[in-house]
Amino acid sequence: MSQDFRIDKIGLINRDKKISFKFNGKNYFGYEGDTLASALIANGVHLVGRSFKYHRPRGFFGAGVDEPYAIVQLYKNNETEPNVRATEQELFEGLEAKSVNCWPNVNFDIGAINNFLNKFFPAGFYYKTFMWPKSFWYKVYEPFIRKAAGFGVASIKHDKERYEHKYEYCDLLITGSGPSGLASAYAAAKNGARVILAEDKPRFGGSLLTSEVNIGNQSGKEWAENIVAELKEMPNVIVKNRSQVFGYYDHNMLVMSERLSDHLPKSKKYSPRQRLWYIRAKEVVISSGSIERPLVFGNNDTPGVVLSSAAKEYLKVYGVLVGRNPLIFTNNDSGYETAIEFKKNGIWPVILDTRSNPNSEVIDEAKRMGINIKFSYVVVAAKGYKKVKSAEIAKISEDKKDLGQIENINCDCICVSGFWTPTIHLASQSGNKTKFDKEIDAFVPGQSKQEETTVGSANGIFTLEETLKTSFETGQELSKKITKNDNKVSIPTVVEKKLTKHDKFWCVPLPEGKKYKRFLDFQNDVVVTDVELALREGYRSIEHVKRYTTLGMATDQGKTSNLNGLQLVSNVENKVVPAVGHTTFRPPYTPVTIGAIVGREIGKHSKPTRKSPIHLWHEKNNAVFVDAGVWLRPRYYKQRDEGLFEASKREAENVRKNVGVCDVTTLGKIDIKGPDVAEFLNRVYTNAWLKLPVGKARYGVMLREDGIVMDDGTTTRISENHYHMTTTTAQAANVLSHLEYYLQIVWPELNVNVVSTTEQWAGAAIAGPKSRNVLQKLFPDTDVSNEGLPFMGYLEGNLFGVYARIFRISFSGELAYEVNVQSDNGNFMWEKIIEIGKEFSIQPYGTEALSTLRIEMGHVAGSELDGRTIPYDNGLQGLVSKKKDFIGKRSLNRSAFTAEDRQKVVGVVPLDKKTSIPEGSHLVKEAKSKLPNPKLGHVSASCWSVEYNNPFSLAILRDGKNMIGEKLFALSPLKNKTIPVEIVSSHYVDPKGERVRS
Amino acid sequence: MLHIKCPHCGLRSQNEFAYGGDATVKRPELNKEVSDKEWDTFVYLRKSPRGKHLEFWHHISGCRQWFKVERDTVTHEIFKTLKPNEDN
Ligand SMILES: [Zn+2]
């Protein structure tokens, strides 16, 4: 089977290996080494999509990263991926792709009617058309835009592929393996520098793969191969293909996306699909080359209009002809090189050169080969709808304003060359102040901001000799700065054809009476008249023009459109291009998959999961877990067919009646040592700490400087200069940073040391009227009587051979103890407690029962200490010392904090004693009032009181102290509930606190 | 990602650090009479300069020391880093 557009014996593909693939449901074949684009063109397929706005037929325009059109939907292993560039997608066996932006299919596209409803889509069409009436937005405009726009469909399935991140450091990062990149890398590597050489394409060599040059008596391609082979052998060099450096960030951090499996039918075992490299480079050499500029003429978006460099690449790399009857339209010598390649392969091209009488070695060669060259000629418009069939051409006057007689010429492709645009994206991203180079009509890097140097054609140097010389020197000098070595490599001799100057002309005028669309931005469907309209409507800044017309946006980032857009603005505005300036280039240079950005941080890997040393026991005993910060905590222990409500009620009742045990390992713990700890705590907490004796614990509240409660907990004096602080689970890390801040910055004179010991201790809270019986049996040699271990007392004990700390503190409001042992002994302790507690009917309880117990006791926790409340609001004003100063004290004098009707925590009971009040409900005076119904407070925490067997909630209520006994309504629009309630004391159970002291 | 030189550990990537606010703010001394205005200024008012800014950073995933960084808020250039008790 032959392919109509493939020619023999040329190219770098492997003709021994055929690869079959599917495009829009049809079967084709290509060869190993093809891209999807080259294989489709070889098969004569030129129509690959529809354009973004007008749904005009779209073919191929480039051969790589510059491709604005050929964006397809890829299908692989039952997965789908949008926005894949056909010019970059390497062919693999079984590849399947489809066109996007067309419905029902690429050949008959309903959206193409937009092409004839021109008026509907001028510049700013989003802003104008879809503005009004407002009610149309959701129902009419948005669905329409969503269906009509966009390039592909994202998969909604879980991505089974693996993505990785890697951090790397190097002396020189070199972005691109064309002649400039290879020369810099080679010189730097030979001088001992640690080098990373990154190439976006599968093949190294850049322009050397397609140009007819000699370097040191080898062809350019052979020279590149030899250099790469040598670099790969060097231990100080990392050479990567299929790797795009797409972003240049602060402090010489660059990010590179490496594609490891995208060219394979299936990811290799133990290999990720893509790897994101974070590279911190001492020096960056930007050798990203240049992209050919389009020429602008009528219907210049017709399939078959391609960049002349792309036509040459398809021919020389893939052995593929973009057409058999090519028309070359150029304003410089590059078009001739393409024409010569066609001719060498038996194809007769016609060259239209906008220049009147240029002279150079390349032009002479073309003439010698007998190629038909028409000087001072332009393409006025491409003809043909789904593929170029012919072209309207004309002679153009010397001043480029007047067209001669329109002639028709048959052709099946038009290869355009409007000279070259240096790829300055990375330099610009790094903060480089780019400058306009009038010689080449393009921006080049100027003053570097970071440690970055641009070489080769990316720096506007278009001769190989000059490129190699300066790049070798750059590699040598930059590496010398770092390695201090001075090993020089000799610069090889170069044979290349001399080129002459290009023509500044780029946009063909419209012939009288014709309204051809002339495209500037091929991806976003921006035509010349759009930009003219934007300027007429008063948009001046290039950034505004960009947003109004969408010029240079989206994945293309202006690769082919940028300069022509600027030229047009400068022409209309009568300004020079540098005065117009260019828009900001933003990373990523090319689209990056979300998978690569996320890396391994997915699902359970997105944050660490911390488990207590007792976790396995909880699992075995049917615990249902809940996330508490990064910790997993048992929420309740399920028995039989219990749900959350039944189980937590049973557990809480058992604590009130008998005894329960709760895993409190997750509480933050901070070990504090030093002679000044008491003074420090006295400044950190609101209450007095100077007189806490050894062997005693104290409850404390700490504030932020703005007077808001930051955290609460107990701190115990273990010995003279040794304290043990506990924090809430959620605030543990913040409290440590807070303490360190004051010790290191504000009061460095205090001799105090803090360190987190959260993970060093496992903790069990034993609570309930029978807790002392359990404790006595756990520590038979220790006196744990009310006298031996009074409320807020501390002892150290021997738990069957294990050192333990025993605190008599209570969160549940019952007689309770907390036992801490070193983490490794946590499970041992727990099992002992369960075993010994059996005769006292001990049951483990989870966070839900824990909440119930604290809520009905009126103990405040995270839902009340919510970053908006002061001690008074939480009923903690008794803990605020009047005598001493502490962090945040001065703020408590603020008038809002001392207002007569200041909010305060209260209890809330539904009048029917049955309806649970949703957390977050608003408390209001009237059930039915004009909205917004004035809010008096909100319900912060709700439970089912096991003491009274009815619902009970805590709320933070304005003028709470005077509201006890009031009847209000709890409103929950979310749950659609209105509940009549009574305000009661927040201390619903044991208001005098007798149980904890019993 | 910034590259920050911890005075104790050397150059590390930003993801090891936490930002800690304006380092020129001095907390009023304890037990000293402070006017409302002075206190408000200390708690709430911060300059947001365009350019050089002296700020605290905390080497939270490293040595856990607080230190000062002089940074340009526009270019992110870091001019120097100092221990809390150093002035230059
Ligand atoms: Zn450090």
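Residues numbered from 1 in each chain as written. Chains lettered and ligands numbered in written order. Predicted model: local features only at pLDDT ≥ 70, side-chain atom pairs only at ≥ 80, totals over all residues. Heavy atoms only, no water.

1. Points about the overall build of chain A
And step 1. The helix and strand inventory of chain A stands at 22 helices and 50 strands.
And step 2. With the principal axes as the frame, chain A shows a C-alpha extent of 115 × 70 × 55 Å.
And step 3. The contacts of chain A with a sequence gap of at least 6 include a subset with a gap of at least 24, amounting to 66%.
And step 4. When the accessible surface of chain A is summed, it comes to about 41,700 Å², and 52% of that surface belongs to carbon and sulfur atoms. (Helix = DSSP H or I, 4+ residues; strand = E, 2+ residues; numbered from the N terminus. Contact = heavy atoms within 4.5 Å. Areas by Shrake-Rupley, 256 points an atom, 1.4 Å probe, with all protein chains shown as cover.)

2. Here's the deal with the environment of E81 of chain A
All names here are of chain A.
And step 1. For E81, the position within the fold is in strand β6 (residues 79-85).
And step 2. Sequence spacing of E81 and T686 is 605 residues, and the spatial spacing of their C-alpha atoms is 58 Å.
And step 3. Beyond its immediate stretch of four places on either side in the chain, E81 contacts V72, Q73, L74, R273 and T593.
And step 4. Within the local environment of E81, its side chain forms a polar contact with the side chain of R273, the two groups lying 2.4 Å apart. (Polar contact = N/O pair within 3.5 Å; in protein donor to acceptor, adjacent residues only side chain to side chain.)

3. Focus: the interface of chain A and chain B
And step 1. The interface of chain A with chain B comprises 29 residues on the first partner and 27 residues on the second.
And step 2. Note on chain A versus chain B: buried area summed over both sides is about 2,400 Å², and carbon and sulfur give 52% of it.
And step 3. Contact with chain B buries area across many residues of chain A, yet H251, Q744 and R890 of chain A alone supply 27% of it, more than any other trio.
And step 4. The interface formed by chain A and chain B holds 3 salt bridges in total.
And step 5. Across the contact surface, chain A and chain B share 17 residue pairs in polar contact (both at pLDDT 80 or more).
And step 6. When contributions to the side of chain A that touches chain B are tallied by element, the ones reaching two or more residues are β8 (163-175), β15 (274-286) and α19 (732-746) of chain A.
And step 7. If one sorts the elements of the side of chain A that touches chain B by residue count, α19 of chain A sits on top with 8 residues.
And step 8. A breakdown of the residues in the side of chain A that touches chain B according to their chemical character gives 13 nonpolar, 5 polar and 11 charged. (Buried area = accessible area lost by both parts, 1.4 Å probe. Salt bridge = Lys/Arg side-chain N within 4 Å of Asp/Glu carboxyl O. Nonpolar A, V, L, I, M, F, W, Y, C, P; charged D, E, K, R; others polar.)

4. Examining helix α13 (residues 562-573) of chain A
And step 1. Here α13 of chain A contains 12 residues, and its C-alpha end-to-end distance of 17 Å stays within 8% of the 16 Å for a straight helix at 1.5 Å per residue.
And step 2. Looking one or two residues past α13 of chain A, N574 of chain A carries a phi angle of roughly 60°, positive in sign. (Expected span 1.5 Å × (residues − 1).)

5. Re the pattern of salt bridges
And step 1. According to the stated counting rule, one finds 64 salt bridges over all chains in the structure shown.
And step 2. Of the charged contacts in the structure, one is a salt bridge between R12 of chain B and E16 of chain B, with a shortest N-O distance of 3.5 Å.
And step 3. The class of R12 of chain B is partly exposed, set by a relative accessible area of 31%.
And step 4. Residues participating in the shared-partner salt-bridge network are R162, E164, K240, E258 and R275 of chain A. (Buried < 20%, exposed > 50% of the residue type's maximum accessible area, 1.4 Å probe, protein only.)

6. Description of the sheet that holds strand β45 (residues 904-910) of chain A
Residue and element names in this part refer to chain A.
And step 1. Taken in spatial order, the 6 strands of this closed barrel run β45-β48-β47-β46-β49-β50, and their pairing is antiparallel. Adjacent strand axes in the sheet meet at a mean angle of 45°, parallel and antiparallel pairs treated alike.
And step 2. By the bridge criterion, 4 bridges tie β45 to strand β50 (residues 977-984) in an arrangement that is antiparallel. Note that in β50 the partner of V909 across the bridge is E982.
And step 3. Lying over the sheet, helix α22 (residues 847-857) contacts β47 (937-945) and β48 (950-957), oriented at roughly 120° with respect to β47. (Pairing = 2+ DSSP bridges. Axes fitted to C-alpha atoms, helices over the stretch in contact; angles between N-to-C directions.)

7. Section: unusual backbone geometry
Residues and elements named next belong to chain A.
And step 1. Cis geometry marks the peptide bond from P587 to P588; its omega dihedral reads 0°.
And step 2. Mapped onto the elements, P588 comes out in the loop between α14 (577-580) and α15 (594-598).
And step 3. Here the residue pair L931 and P932 is connected by a cis peptide bond, since its omega of -5° sits within 30 degrees of zero.
And step 4. Positive phi outside glycine occurs at D441, with the angle close to 55°.
And step 5. The topology assignment puts D441 in the loop between β26 (433-437) and β27 (442-447).
And step 6. In this structure, N949 is a non-glycine residue whose phi angle is positive, near 55°.

8. Things to note about the sheet that holds β6 of chain A
All names here are of chain A.
And step 1. Sheet architecture is open: 5 strands sit in the order β2-β1-β7-β5-β6, paired in mixed fashion. Only two strands of the sheet have a single neighbouring strand rather than two, namely β2 (26-32) and β6. When strand polarity is set aside, the average angle formed by the axes of neighbouring strands in this sheet is 35°.

9. Re the coordination of the zinc ion
All names here are of chain B.
And step 1. Donor atoms from the polypeptide that bind the zinc ion are C6 (SG), C9 (SG), H59 (ND1) and C63 (SG), placed at 2.0 to 2.3 Å.
And step 2. The site at the zinc ion holds 4 donor atoms, and with the angles between them running 106 to 114°, its shape is tetrahedral.
And step 3. Read in sequence order, the donor residues for the zinc ion give the motif C-x2-C-x49-H-x3-C. Of this pair, C9 sits in the loop between β1 (3-6) and β2 (10-13) while C63 sits in the loop between β4 (52-58) and β5 (66-72), and the two are 54 residues apart along the sequence.
And step 4. Taking the relative accessible area as the measure of exposure, C63 reaches 26% and is therefore partly exposed. (Donors = N, O, S within 2.8 Å, 3.2 Å for Na, K, Ca; no water. Tetrahedral: all angles 85-135°; square planar, octahedral: opposite > 155°, others 65-115°.)

10. A word on the state of the cysteines
And step 1. Scanning the model with the defined rule gives 0 disulfides over all chains in all.
And step 2. C662 of chain A forms no disulfide, and the closest cysteine sulfur to it belongs to C943 of chain A, at a distance of 16 Å. (Disulfide = S-S within 2.5 Å.)

11. Quick look at the pairing of strand β20 (residues 372-375) of chain A
Residue and element names in this part refer to chain A.
And step 1. Taking every second residue as pointing to the same face, the buried face of β20 carries I373 and F375, while none of N372 and K374 on the other face is buried.
And step 2. With 4 bridges joining them, strand β19 (residues 350-353) and β20 adopt parallel strand pairing. In the strand pairing of β20, D353 is matched with F375.
And step 3. Note that the unit made of β19, helix α8 (residues 361-368) and β20 has a crossover that is right-handed. (Right-handed = clockwise from strand over helix to strand, strands pointing away.)

12. Observations regarding the pairing of β15 of chain A
All names here are of chain A.
And step 1. For β15, the buried fraction is high: 12 of the 13 residues fall into the buried class.
And step 2. Bridging between β8 and β15 involves 12 bridges; their strand directions are parallel. By the bridge assignment for β15, H165 is matched with L276.
And step 3. Summarising the sheet, strand β14 (residues 253-259) and β15 pair through 7 bridges and their orientation is antiparallel. By the bridge assignment, S257 is partnered in β15 with L276.

13. Let's talk about the side chain of D412 of chain A
Residues and elements named next belong to chain A.
And step 1. Secondary-structure assignment places D412 in the loop between β23 (407-410) and β24 (413-417).
And step 2. Here D412 sits buried without a salt bridge, and the closest side chain of opposite charge, K387, lies 4.8 Å off (N-O distance).
And step 3. Of note is the side chain of D412, whose polar atom sits 2.7 Å from the backbone nitrogen of R324.
And step 4. With residues up to four places along the chain from it excluded, the contact list for D412 reads F5, G304, G323, R324, N325, P326, K387 and V388. (Lys, Arg positive; Asp, Glu negative; His and termini not counted.)

14. Quick look at the domain arrangement of chain A
Size of an interface: often given as the accessible area lost when the parts come together.
Residues and elements named next belong to chain A.
And step 1. When its domains are assigned, chain A resolves into domain 1 (1-160), domain 2 (164-290 + 422-495), domain 3 (294-418), domain 4 (668-757) and domain 5 (900-998).
And step 2. Summed over both sides, the interface of domain 1 with domain 3 buries roughly 2,500 Å², with 57% coming from carbon and sulfur.
And step 3. When the buried area of domain 1 at its contact with domain 3 is split by residue, F5, I7 and F61 rank highest and sum to 26% of it.
And step 4. Seen at the junction of domain 1 and domain 3, the total is 2 salt bridges.
And step 5. Among the ionic pairs, D301 bridges to R56, the shortest N-O distance being 2.7 Å.
And step 6. Counting every contact that joins domain 1 to domain 3 gives 10 residue pairs in polar contact (both at pLDDT 80 or more).
And step 7. Put simply, the parts of the chain that give the side of domain 1 that touches domain 3 at least two residues each are α1 (36-42) and β4 (57-58).
And step 8. For the side of domain 1 that touches domain 3, the element with the highest residue contribution is α1, accounting for 4 residues.
And step 9. For the side of domain 1 that touches domain 3, a count of residues per class yields 15 nonpolar, 10 polar and 8 charged. (Domains from an automatic or database assignment.)

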